[in-house]
Amino acid sequence: MMETAAVWILKAIFFAAAAVVYLSPLKHRQPIAARGTVSLAGVTAACGLALIWAQKGGWWYPAAVLVKLAAFSLAACFCTECRKRAALYVAVWAVITPGFGGMIGQVLVYYYGTWGTETIGDSILYLLPGVVLYLIVNLTIARMMPVNGTYGIGPRQLSSALGLLAVFEILSYAVLSGDEAFWTAKLWIPVLLAQFYCVTMLYLQTELFKKSAMEKELEVLNLLWQKQKAQYQLARENIDLINRKCHDLKHQIAAIRGISDPEQREEYLSGIEQSIQIYDAVVQTGNEALDTILTEKSLYCKANGITINCVADGSRLSVLNTVDLYAILGNAVDNAIEGVSQIREAEKRLIDILIYNKDHFLVINIINPVGRELRFHDELPVSTKKDHGYHGYGLKSIRHYVQKYGGYMNISVKHSCFDLTLIIPLPEAAMQDTEGTGTE
């Protein structure tokens, strides 16, 4: 009896260990030690109960599968940042993996063990393939499938996974209820192959859905790039037009000064000069894209009580494609403007832009106060707007273009200030061009 209890506990721990395999690569909730201990104890108890029910056969078997699914799902929700659908998807993998390993173990027990007994030796032989499978899975697919420590699972992908799990468990039940003739006729071979097919299909559909999601995101980023390109061209044309108009107005004002009553004329002309002053705020940094962005954004900021402070040598941005640079800085400044627009105090509506070289890297640093607490997902702030549309893709777009140049994007919130830092390695030619200019 004690040996049977030891076998039962050993198998329960083995099945529960799948939680460790699939949850360890994901983003954890803190304190993970306490959460992990509680979850592992709960999953082990649930797996032990499932083993007892599975042995009874009949409708007890699907009930056992549901108990394991529920236990693994709750553990994933409790210990990681997975959402409900993702947690259930992880649970599918956590149920299938030890099940497949156990199937191989049953084959080994039939040929090399004492069939029909429940000894510790036979249990170790039964669990050995599963342990090897755990090690392989933990080093490969368990780490490869998540994206940034989590799963993005939609209804179709979850439905497909549950369907494959149902087929897998029907095959498992056929093995569990098989008699001596089943094994003598080697019917386990097509069953094992069919289960392997289910596991393979589950992995392939994971990769296909992940690829589809990446393609959709890339498509959105490309649309944003086209939008930024058109916006840059329009902004450049508008600023050139403003410059010409300002130039013409200056000549007209000079002509008016020589005509009528001095006091009235000066008052009238001063009003005109003041009204057009905002359009004469053309920024000259040495980079056309940066000049366009700063001039365009300055017009908006002056009209809305926002101050932009910029310390930059635009010539150092020549390593970036003009439209890429406009997309990066345009999105970054737009995000900063959106952030400070929510602040009521006029003195806090500030945006600081620093662009400099440091240790053969181009550094772009944009800092602005924030008026609310930010929530993060996938290392990016979560948009609070009801109509998301393209919202939330601004920072993704920035990260995409920075990574295109082998760079890195870092976001932090310190002392109620949002700090966006972009670090891009400078090619050798650019380093030679800036040699002697010093670093800041």
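The structure under discussion appears in the preceding block.
Calculation rules
- Residues numbered from 1 in each chain as written.
- Predicted model: local features only at pLDDT ≥ 70, side-chain atom pairs only at ≥ 80, totals over all residues.
- Heavy atoms only, no water.
- Pairing = 2+ DSSP bridges.
- Helix = DSSP H or I, 4+ residues; strand = E, 2+ residues; numbered from the N terminus.
- Axes fitted to C-alpha atoms, helices over the stretch in contact; angles between N-to-C directions.
- Expected span 1.5 Å × (residues − 1).
- Buried < 20%, exposed > 50% of the residue type's maximum accessible area, 1.4 Å probe, protein only.
- Contact = heavy atoms within 4.5 Å.
- Salt bridge = Lys/Arg side-chain N within 4 Å of Asp/Glu carboxyl O.
- Core = buried A, V, L, I, M, F, W, Y, C linked by side-chain atoms within 4.5 Å.
- Patch = residues over 30% accessible without salt bridge, like charges linked within 9 Å, V, L, I, M, F, W, Y side chains within 5 Å.
- Areas by Shrake-Rupley, 256 points an atom, 1.4 Å probe, with all protein chains shown as cover.
- Parallel < 35°, antiparallel > 145°, perpendicular 65-115°, else oblique.
- Left-handed = near helix turned anticlockwise from the far one by under 90°.
- Nonpolar A, V, L, I, M, F, W, Y, C, P; charged D, E, K, R; others polar.

Caption draft 1: Quick peek at the sheet that holds strand β3 (residues 361-369). Strand order across the open sheet formed by five strands is β1-β2-β3-β7-β6, with mixed pairing between neighbours. Edge positions in the sheet fall to β1 (307-312) and β6 (408-414), since each of these pairs with one other strand and no more. With strand direction ignored, the average angle separating the axes of adjacent strands in the sheet is 10°. As paired strands, strand β2 (residues 350-358) and β3 are joined by seven bridges and run antiparallel to one another. The residue bridging Lys358 from the neighbouring strand is Phe361, located in β3.

Caption draft 2: Region of interest: unusual backbone geometry. Gln30 connects to Pro31 through a cis peptide bond whose omega is -5°. For Pro31, the location among the structural elements is in the loop between α1 (2-23) and α2 (32-56). Look at Asp359: it is not a glycine, yet its phi comes out positive at around 50°. Relative to the helices and strands, Asp359 resides in the loop between β2 and β3. Even without glycine at this site, His415 takes up a positive phi of about 50°.

Caption draft 3: Up close: helix α3 (residues 60-79). Helix length check: α3, at 20 residues, gives a terminal C-alpha distance of 29 Å against a target of 28 Å (1.5 Å per residue), a fit within 8%. Among the residues making up α3, those that are buried are Tyr61, Ala64, Val65, Val67, Lys68, Leu69, Ala71, Phe72, Ser73, Ala75, Ala76 and Cys79.

Caption draft 4: Representation of the environment of Val21. Looking at the secondary structure, you find Val21 in helix α1. Note on Val21: relative accessible area 7%, which makes it buried. When the C-alpha atoms of Val21 and Arg143 are compared, they prove to be 9.3 Å apart, with 122 residues separating the residues in sequence. With near-sequence residues (within four places) excluded, Val21 lies in contact with Tyr134, Val137, Asn138 and Ala142.

Caption draft 5: Summary view of the pattern of salt bridges. What the rule picks out here adds up to one salt bridge. When the shortest N-O distance is used, the salt bridge between Asp324 and Lys404 registers 2.7 Å. Here Lys404 lies in helix α13 (residues 393-404) and Asp324 lies in helix α12 (residues 322-341), a separation of 80 residues in the sequence.

Caption draft 6: Structural detail: the nonpolar core. Core analysis: the largest hydrophobic core is formed by 60 residues, its most contacted members being Tyr22, Phe72, Tyr89, Trp93, Tyr151 and Leu202. Sorting elements by how many residues they give to this core places helix α4 (residues 84-112) first, with 15 residues. Sequence-distant contacts of Leu202, defined by excluding residues within four places in its chain, comprise Tyr89, Val92, Trp93, Ile96, Ala161 and Leu164. Counting 40 residues, the second-largest nonpolar core is a separate cluster that includes Ala289, Ile293, Ala336 and Val370.

Caption draft 7: Here's a closer look at a nonpolar patch on the surface. On the surface, a nonpolar cluster with roughly 360 Å² of combined accessible area is contributed by Trp8, Ile9, Ile13 and Ile52. The leading source of residues in the nonpolar patch is α1, at three residues.

Caption draft 8: View of the packing of α4 against helix α5 (residues 120-139). Direction vectors running N to C along α4 and α5 enclose 140°, while the axes themselves pass 7 Å from each other. As far as their axial angle goes, α5 and α4 are oblique. Crossing handedness for the pair α4 and α5: right-handed. Residues Thr97, Pro98, Phe100, Gly101, Gly102, Ile104, Gly105, Gln106, Leu108, Val109 and Tyr112 of α4 form the contact with α5, whose own contacting residues are Asp122, Leu125, Tyr126, Pro129, Gly130, Leu133, Tyr134 and Val137. Taken together, the residues of the contact of α4 with α5 sort by class into twelve nonpolar, six polar and one charged.

The values reported here are purely geometric and, on their own, carry no functional implication.
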